[in-house]
Amino acid sequence: MMQTLKVSDNKRFLVHEDGKPFFFLGDTAWELFHRLDDKEAEHYLSTRARQGYNVIQAVGLAEFGGLTAPNANGDLPLHNNDPAKPNDAYFKHVDRLTKMANDKGLYMAMLPTWGDKVNKKWGIGPEIFTPENARAYGLFLGRRYKDAGIIWVLGGDRPAETDAHLAIWRAMAAGITDGDGGRHLKTYHPMGWQSSADKLHDEPWLDFNMLQSGHGSKVAENYKLIGKDYNRTPLKPCMDAEPNYEDHPIDWKPETGWFGEYEVRRAAYWAVFSGAMGHTYGCHDIWQFWQPSRTPVSSARTPWREALEFPGAKQMQHLKKLILSMPFLTRIPAQDLLSGENPDGFSHIVATSDQDRTFTLIYTPLSQQIRVDMSQFKSKNLNSQWFDPMTGARTRATHTQGSFSPPHGGKDWVLMLEM
């Protein structure tokens, strides 16, 4: 049985029940339960476990035909589209894939439903939930996965815009809690350029905040959204659970280009160094498990098995290893360590440290000079290194009066300063 996760005492991070730090490194696999059979899921989950991921984000009632198109075994999730009447055959498949993930050390961040089933707003729907059947459905899920390695994620790319929407999500959360005894963490996945905190921060069932910086901008300044959530009260951990996807057309328009490994790295380091407890990677071809036999959503172009080995997907493990190699529970944003101009946008530099400056990590998205206020360090004898986010390799760093210049080659870099 996997250890239950909980919020750290300082309300900034997640930890295992024994107190060991947990750096949330997720992958977006929305259609996992709906589109993959057991053999395909085994390949996908084994690959992501090998690449260092520890959370998989997937949806019970999927967005695209989730109520009308059967899963790989020919089963629909509900009888008569009634959330109070789940189909046991469908959820036996969810059971197997969840156990498969857990056996590989992967927590399942499970969305009970995509948000269009509560607030259609756009897309397919239909809206099938009421507070009554939402509570019944939540109770069913909570009981069924009480002993699984689960993080519950309500929402699903739709906002809680009305009191009626909020009543449904509250009822679903209450049902899950009744079913699992409150054992598992809960959060909410919002629509693009929004945070769960915008409407739900004070909800007692919301254990940590998720935001979605999304796919609409070449330079999505997610560090601003993280900073906003980090400074809210009461304190709650926060993260970017849907940044720009690798191999996704920028602003959904292929003619504007495609997000690649660099953009997904930049989103990850910007978010984590600004205070996020972890990060979710995403690939446009993976979330929908596109293959030539399927109609592509939003210009998907690479078969999912090939996309599993995209460079950005494999580079996320370097961030996880780096963060876990430093004191974890005392890490804070440290923009005050930077000297000189630091404009927003393409060149924005972010820094993280601990209060005693025993370690400092500074990320630059461009190969540019980093100026550091060296007066804030108790020792002048710092171990200074450059960390390559593409490879995890480290090389010696030197400075002149606090000015550090990255090595030649490479586009983005992390400056490491250790006492």
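Novice: Please clarify how helix α7 (residues 222-230) should be interpreted in this entry.
Specialist: The α-helix winds at 3.6 residues per turn, so residues separated by three or four positions along the chain end up facing the same way. Within α7, the full set of buried residues consists of Asn222, Tyr223, Leu225, Ile226, Asp229 and Tyr230. Seen from one end, α7 has its buried residues packed into an arc of 160°, which puts them on one side.

Novice: Just checking my understanding: could you explain the nonpolar core for this structure?
Specialist: In a soluble, globular protein the nonpolar side chains are often hidden away together inside. Formed by 103 residues in total, the largest nonpolar core has its most connected members in Phe24, Leu32, Tyr44 and Phe273. Residues in contact with Phe24, not counting those within four places in the same chain, are Leu14, Asn54, Val55, Gln57, Ile151, Phe208, Met210, Met239, Met277, Gly278, His279 and Thr280. Listed in part, the 16 residues of the second largest apolar core include Ala334, Ala351, Leu382 and Leu417.

Novice: Would you take a moment to explain the pattern of salt bridges for this structure?
Specialist: Between side chains of opposite charge, a pair can form when the charged atoms approach closely. What the rule picks out here adds up to 28 salt bridges. Between Arg144 and Asp88 there is a salt bridge, and its shortest N-O distance comes to 3.0 Å. In this pair, Arg144 is assigned in helix α4 (residues 131-144) and Asp88 in helix α3 (residues 88-103), connecting sequence segments 56 residues apart. Take Arg144: its relative accessible area is 26%, and that puts it in the partly exposed class. Of the residues examined, Asp88 reaches a relative accessible area of 36% and is grouped as partly exposed. Several salt bridges converge on common partners, so that one network encompasses Asp88, Lys92, Asp95 and Arg144.

Novice: Sorry, what's going on with the environment of Phe404 here?
Specialist: Checked against the element boundaries, Phe404 lands in strand β20 (residues 403-404). The class for Phe404 is buried, based on a relative accessible area of 0%. Each C-alpha atom, one on Phe404 and one on Asn10, is 33 Å from the other, the two residues being 394 residues apart in sequence. In contact with Phe404, not counting residues within four places along its chain, are Gln368, Gln369, Ile370, Val372, Met374, Ser384, Trp386, Ala397, Thr398, His399, Leu415 and Leu417.

Novice: Looking at this model, I keep getting lost on the sheet that holds strand β1 (residues 5-7). Mind explaining?
Specialist: With antiparallel pairing, three strands are arranged side by side in an open sheet as β1-β2-β3. In the strand order of this sheet, the two ends are held by β1 and β3 (21-22), each with one partner. The pairing of strand β2 (residues 14-16) with β3 spans two bridges and is antiparallel. If you follow Leu14 over to β3, its bridge partner there is Phe22.

Novice: I tried to follow the pairing of strand β15 (residues 359-364) on my own but got confused; where do I start?
Specialist: Remember that side chains alternate between the two faces of the sheet whenever the strand is regular. Of all six residues in β15, six are buried; the element is thus mostly enclosed. Direction of pairing for strand β14 (residues 350-354) relative to β15: antiparallel, over a ladder of four bridges. Counted as the bridge partner of Thr352 is Leu361 from β15. With antiparallel pairing between neighbouring strands as the criterion, β14 and β15 make up a hairpin whose turn holds four residues, including Arg357 at a positive phi of roughly 60°.

Novice: Any chance you could explain the pairing of strand β7 (residues 150-155) here in plain terms?
Specialist: For β7, the tally of buried residues reaches six of six residues, placing the bulk of the element in the interior. On β7, burial covers both faces: Ile150, Trp152 and Leu154 on one face and Ile151, Val153 and Gly155 on the other are all buried. Pairing between strand β6 (residues 107-113) and β7: three bridges, direction parallel. Directly across from Ala109, in β7, lies its bridge partner Ile151. In this region the chain leaves β6, passes through α4 and returns to the parallel neighbour β7; the handedness of that crossover is right-handed. The sheet contact formed by β7 and strand β8 (residues 186-189) spans four bridges and is parallel. Residue pairing for β8: Trp152 is matched across the bridge by Lys186. Crossover handedness for the path β7 to helix α5 (residues 163-180) to β8: right-handed.

Novice: What exactly am I supposed to notice about unusual backbone geometry here?
Specialist: Both trends apply: most residues other than glycine have a negative phi, and most peptide bonds are in trans. With an omega dihedral of -5°, the bond running from Gly125 to Pro126 counts as a cis peptide bond. Along the chain, Pro126 turns up in the loop between β6 and α4. Put simply, Thr233 and Pro234 share a cis peptide bond, and its omega is -5°. Of note in the backbone geometry, Phe289 takes a positive phi value of approximately 45° without being a glycine. Within the element layout of this structure, Phe289 appears in the loop between α9 (284-287) and α10 (304-307). Positioned with a positive phi, Ser298 is a non-glycine residue whose angle comes to about 50°. Mapped onto the elements of the fold, Ser298 is located in the loop between α9 and α10. Residue classification places Ser298 among the partly exposed positions, given a relative accessible area of 31%.

Novice: Just to check I follow, could you spell out the packing of α4 against α5 for this structure?
Specialist: To describe two helices that pack against each other, one gives the angle between their axes and the distance between the axes. Look at α4 against α5: their axes get within 6 Å of each other, and the N-to-C directions meet at 30°. Taken together, the axes of α4 and α5 are roughly parallel relative to one another. Regarding α4 and α5, the two cross each other, and that crossing is right-handed. Across the interface between the two elements, Pro131, Ala134, Arg135, Tyr137, Gly138, Leu139, Gly142 and Arg143 of α4 pack against Ala167, Ile168, Ala171, Met172, Ala174, Gly175, Ile176, Asp178, Gly179 and Asp180 of α5.

Thresholds, definitions, all that
- Residues numbered from 1 in each chain as written.
- Predicted model: local features only at pLDDT ≥ 70, side-chain atom pairs only at ≥ 80, totals over all residues.
- Heavy atoms only, no water.
- Buried < 20%, exposed > 50% of the residue type's maximum accessible area, 1.4 Å probe, protein only.
- Helix = DSSP H or I, 4+ residues; strand = E, 2+ residues; numbered from the N terminus.
- Arc of directions from axis to C-beta.
- Core = buried A, V, L, I, M, F, W, Y, C linked by side-chain atoms within 4.5 Å.
- Contact = heavy atoms within 4.5 Å.
- Salt bridge = Lys/Arg side-chain N within 4 Å of Asp/Glu carboxyl O.
- Pairing = 2+ DSSP bridges.
- Right-handed = clockwise from strand over helix to strand, strands pointing away.
- Axes fitted to C-alpha atoms, helices over the stretch in contact; angles between N-to-C directions.
- Parallel < 35°, antiparallel > 145°, perpendicular 65-115°, else oblique.
- Left-handed = near helix turned anticlockwise from the far one by under 90°.

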